[in-house]
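Structural description and commentary
If you want the building blocks of each chain, they are given just below.
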Amino acid sequence: MNLYQARQRVEDLRAQVRYHDYRYYVLDSPEISDAEYDELMRELRELEARFPQLITPDSPTQRVSGQPVEAFGVVEHRTPLLSLGNAFDYEELQAWYRRALGILEVEGFPLVCEPKIDGLAVALVYEDGRFVQGATRGDGFRGENVTENLRTIRSIPMRLLAKDAPPRFEVRGEVYMSKTAFERLNEERTDQGQPRFANPRNAAAGSVRQLDSRITAQRSLDIWVYQLGWTDGAYPPTHWETLQWLQDMGFRINPEIDRHEGLEGVERHYRQWADRRHDLEYEIDGLVVKADPFQYYERLGIVGREPRWATAYKFPPIQATTKLLRIEINIGRTGTLNPYAVLKPVQVGGVTVSKATLHNEEDIQRKGIRVGDTVIVQRAGDVIPQVVGPVVSKRTGREKVFVMPDRCPACGTEVRRPEGEVMHYCPNPACPAQAFRWLTHFVSRGAMDVEGLGESWCYVLLEEGLVKDPADIYSLTKEQLVGLERMAEKSAENLLSAIEASKDRPLGRLIFALGIRHVGSEIAALLASHFASIDALTRASVEELAAIPTIGPRIAESVHQYFRDAGNLRVIEKLRRAGVRMAEERAPAPPEGPLADLTFVITGTLASMPRSKAEELIRQLGGSASDSVTKKTDYLVAGESPGSKLQKAQRYGTKLLSEQEFLELLHQHGAM
Ligand code: IVH
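This text gives an overview of the structure that appears in the document. Since we're looking at a predicted model, the values are computed, not measured.

A few words on the overall build of the protein. The number of helices and strands found in the protein is 24 helices and 24 strands. Principal axes of the C-alpha set define a box for the protein whose edges measure 85 × 80 × 50 Å. Residues classed as buried in the protein amount to 49% of the 672 residues present. Between the averaged position of the 85 positive side-chain charges in the protein and that of its 95 negative side-chain charges there is a distance of 4 Å.

Here you go:
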């Protein structure tokens, strides 16, 4: 294939991928299977690897990895991003409409109702059908240039479908994080000892305003486009038709949009939504009501920053006030002291709330919460109840400032707070509360998944002294079990076979089950695929661990420490002797393979793929990839702006490969 043919094929593949991205991410109705899609992407990547001159920033292959952004530049918005006035009840909404009718001297005008998405406003500029710039709202006049980060959001089209799009225009929309993605992210952050995001909006904003767009790429973000900002070309005469027009170009337009002839329809719609809002996969805090015909916009004008042609019809917040009776402490499986509020039971949006999480001591101090306070409790969507803050005016003077106990409430050991961390820990590995949390975690569904071993049995086994650590479950006998109250012979047999079945879980599950601080299920899976056995993981140095992408120094340190603890190693030995699987089924690197016995080091940036991908391909072919050049290194692959490794390699006489040569090598062995 020559360059000319390759270009044709690359363009054809990109058009296909874009179309299927649109079907999948925007319309939610794919036409081809994942495998067929992967095949298109694979062919495109292969061609781009062979002809790197054909790589363009808007190619679908460039989307996921993202390039680190140096620092955000400033973008001047051509027309300001406005705010909205609020209406908190029907009367206020009527007042808004009446005012507009008065100015326009008309009897009525049609209105468009849209969900008011709780996310982060962005402005997207397109030129000749390509996405060229994305910015945050900022102060409305000047925002941050977050183009690279927005490129990682799959529902933002990089190229438009319609051929007749205006040559230059800007659309506006809300980037948001779904409730599930938000919960998942927060769980992951708790596992890794990072502060939680208060709500999906903060999580979305925090993710878009990341200096490293690889982080943005890992956060499931989405967009609803809700407005045409400006354009040099022609556009439809109404907002309703404009949304349809934008949708046809490939933008993701919210399906819950409605058009009404007057206010009555809007009010009916609003009442339905006040309940239905919780069924949505994302948070909304009201409706946006907009005049439909653009011909009125100019005459209605803008007051301050708020246009008169639109308003936000807000839902009543789901908050309530109640008394904070006590702050209690839960001991987490890794020994974290987790404070929570015990509340006088109160109804919040149809649910009785008597407990709410308080995260950590700093969080309590920052919010100024004292024991005995009347507090505002909030339920945001499906998220767990939160204490927003105290009602200071209701204080009697008898409220008490909370201090974290200096001893573990379960075992009395002095607690510690590692420098730079927000959590306090009980360092006693034999702490009964920890043993309970560890055991319940070990047998839980995402870990070793021992069916039938729920919290109450865990408690009984520990109480009876049959189990001291999770490994002991593998030496339980039928006699011991039937000796327990309410354990029939049949249940004992079932439990024993469930325990037996759990010996063969994949390595990642076992690593997760070990309850290593900061190691959630995803990190555990990563460690499993990287080291392929508990023994290799035990031997790993902090440097080796920290060299794995997405594993930071804190996780590396924590994993390393875990395997230096004699008690932990004893548990692992017991697990091994019981016959629990300690390695991936597949050997880590196939001893055979075209690159067997060869060691590669990569330096600088590769244009065709992230370094982690290159290393994975080397391993697939039987070679090993390392981080530092030694006398034993066989090849140094030098990408763009190579570092000091290059000089070192020259000193040792290591063979050098350019990126192109490296790609050819991979290609020759069928890895690409
Ligand atoms: S229209 C003047 N439509 O609400 C027009 N905004 O309070 C303002 N928002 O900054 C934009 N959903 O971030 C519009 N369907 C929607 C919206 C929406 C959420 C946000 C947007 C804006 C803020 C104004």
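Another point: the pattern of salt bridges. Opposite charge on two side chains permits pairing when their charged atoms draw close. What the rule picks out here adds up to 36 salt bridges. Ionic pairing is found between Asp222 and Arg252, a salt bridge with its closest N-O pair at 3.4 Å. Of this pair, Asp222 sits in strand β8 (residues 221-231) while Arg252 sits in the loop between α8 (239-249) and β9 (258-260), and the two are 30 residues apart along the sequence. Take Arg252: its relative accessible area is 12%, and that puts it in the buried class. Between Arg407 and Glu414 there is a salt bridge; the shortest N-O distance is 3.7 Å. Through salt bridges with shared partners, one network takes in Arg78, Glu127, Arg168 and Asp232.

With that settled, the discussion passes to the pairing of strand β10 (residues 284-291). Two faces belong to every sheet, and in a regular strand the side chains alternate between them. For β10, the tally of buried residues reaches eight of eight residues, placing the bulk of the element in the interior. Across six bridges, the pairing between strand β3 (residues 111-117) and β10 is antiparallel. Bridging from a neighbouring strand, Leu111 pairs with Ala291 of β10. Where β10 lies against strand β13 (residues 310-314), five bridges are found, and the strand directions are antiparallel. Note on β13: the bridge partner recorded for Val288 is Ala312.

Another point: the site of the ligand. Lining the immediate surroundings of the ligand are 16 residues, of which Glu114, Ile117, Glu174, Tyr226 and Lys290 lie closest. Between the ligand and Pro115 there is a distance of 3.3 Å, counted from a nitrogen atom to a backbone nitrogen or oxygen. Between the ligand and Lys290 there is a distance of 3.0 Å, counted from a nitrogen atom to a side-chain nitrogen or oxygen. Across the complex, the protein chains shield 89% of the 510 Å² of accessible surface that the ligand would expose by itself. No other element matches the four residues that β3 contributes to the shell around the ligand. Looking at the shell around the ligand residue by residue, the classes come out as nine nonpolar, two polar and five charged.

Our next topic: the sheet that holds strand β2 (residues 85-87). Reading across from one edge, β2-β13-β10-β3-β9 is the order of the five strands in this open sheet, with mixed pairing throughout. Bordering the open sheet on either side are β2 and β9, each of which pairs with just one other strand. Strand-to-strand twist in this sheet, taken as the mean axis angle between neighbours without regard to direction, amounts to 35 degrees. In this fold α8 packs onto β3, β9 and β10, with an angle of close to 55 degrees to the strand it touches most, β3.

For the rest of this paragraph, the subject is the environment of Glu48. Within the fold, Glu48 resides in helix α2 (residues 34-50). Spatially, the C-alpha atom of Glu48 lies 8.7 Å from that of Ala6, the residues being 42 residues apart in sequence. The residues contacting Glu48, other than those within four sequence positions of it, are Arg14, Ile55, Ser59, Thr61 and Gln62. Here Arg14 takes part through its side chain, which lies 2.6 Å from a polar atom of the side chain of Glu48. A distance of 2.7 Å separates a polar atom in the side chain of Glu48 from a polar atom in the side chain of Ser59.

Summarising the element assignment, Gly206 is placed in helix α6 (residues 200-208). Judged by relative accessible area, Gly206 falls into the partly exposed class, the value being 22%.

Let us now look at the nonpolar core. If you look at the biggest cluster of nonpolar residues, it comprises 53 residues, and the most contacted ones within it are Val450, Ile473, Ile511, Val519, Leu527, Val559 and Leu575. Setting aside residues up to four positions removed in sequence, Val559 forms contacts with Ile516, Val519, Leu527, Leu537 and Leu545. Core analysis: the next-biggest nonpolar cluster, separate from the first, contains 36 residues, Phe131, Leu160, Ala204 and Ala205 among them.

This structure, assessed with the given rule, holds 19 aromatic pairs. Plain terms: the ring middles of Tyr235 and Phe294 are 5.8 Å apart, the flat faces sit at 65 degrees to each other, and that makes the pair edge-to-face. Note that Tyr235 is positioned in the loop between β8 and α8 and Phe294 in the loop between β10 and α10 (297-300), a separation of 59 residues in sequence. Their ring planes at 55 degrees and their centres at 6.5 Å tell us that Phe600 and Phe662 sit as a pair that is tilted. Placement of the pair is Phe600 in strand β21 (residues 599-603) and Phe662 in helix α24 (residues 659-668), with a sequence separation of 62 residues.

As a further point, take the packing of helix α3 (residues 90-104) against helix α9 (residues 263-276). At their nearest, the axes of α3 and α9 sit 11 Å apart, and the two run at 150 degrees to each other. Regarding the angle of α3 to α9, the classification is roughly antiparallel. Crossing handedness for the pair α3 and α9: right-handed. In this structure, α3 uses Tyr90, Leu93, Gln94 and Tyr97 to contact α9, whose residues at the interface are Leu263, Glu264, Val266 and Glu267.

Next up on the list: helix α22 (residues 611-620). Within α22, burial applies to Ala614, Glu615, Leu617 and Ile618. Looking straight down α22, one finds its buried side chains confined to an arc of 160 degrees; they lie on one side. Looking at the buried side of α22, the elements it contacts are β21, β22 (624-626) and α24. Where α22 terminates, the next one or two residues include Gly622, which has phi positive at roughly 95 degrees.

Analysis parameters
Residues numbered from 1 in each chain as written. Predicted model: local features only at pLDDT ≥ 70, side-chain atom pairs only at ≥ 80, totals over all residues. Heavy atoms only, no water. Helix = DSSP H or I, 4+ residues; strand = E, 2+ residues; numbered from the N terminus. Buried < 20%, exposed > 50% of the residue type's maximum accessible area, 1.4 Å probe, protein only. Lys, Arg positive; Asp, Glu negative; His and termini not counted. Charge placed at Lys NZ, Arg CZ, Asp CG, Glu CD. Salt bridge = Lys/Arg side-chain N within 4 Å of Asp/Glu carboxyl O. Pairing = 2+ DSSP bridges. Near = heavy atom within 4 Å. Polar contact = N/O pair within 3.5 Å; in protein donor to acceptor, adjacent residues only side chain to side chain. Areas by Shrake-Rupley, 256 points an atom, 1.4 Å probe, with all protein chains shown as cover. Nonpolar A, V, L, I, M, F, W, Y, C, P; charged D, E, K, R; others polar. Axes fitted to C-alpha atoms, helices over the stretch in contact; angles between N-to-C directions. Contact = heavy atoms within 4.5 Å. Core = buried A, V, L, I, M, F, W, Y, C linked by side-chain atoms within 4.5 Å. Phe/Tyr/Trp six-rings, centres within 6.5 Å; stacked < 30°, edge-to-face > 60°. Parallel < 35°, antiparallel > 145°, perpendicular 65-115°, else oblique. Left-handed = near helix turned anticlockwise from the far one by under 90°. Arc of directions from axis to C-beta.

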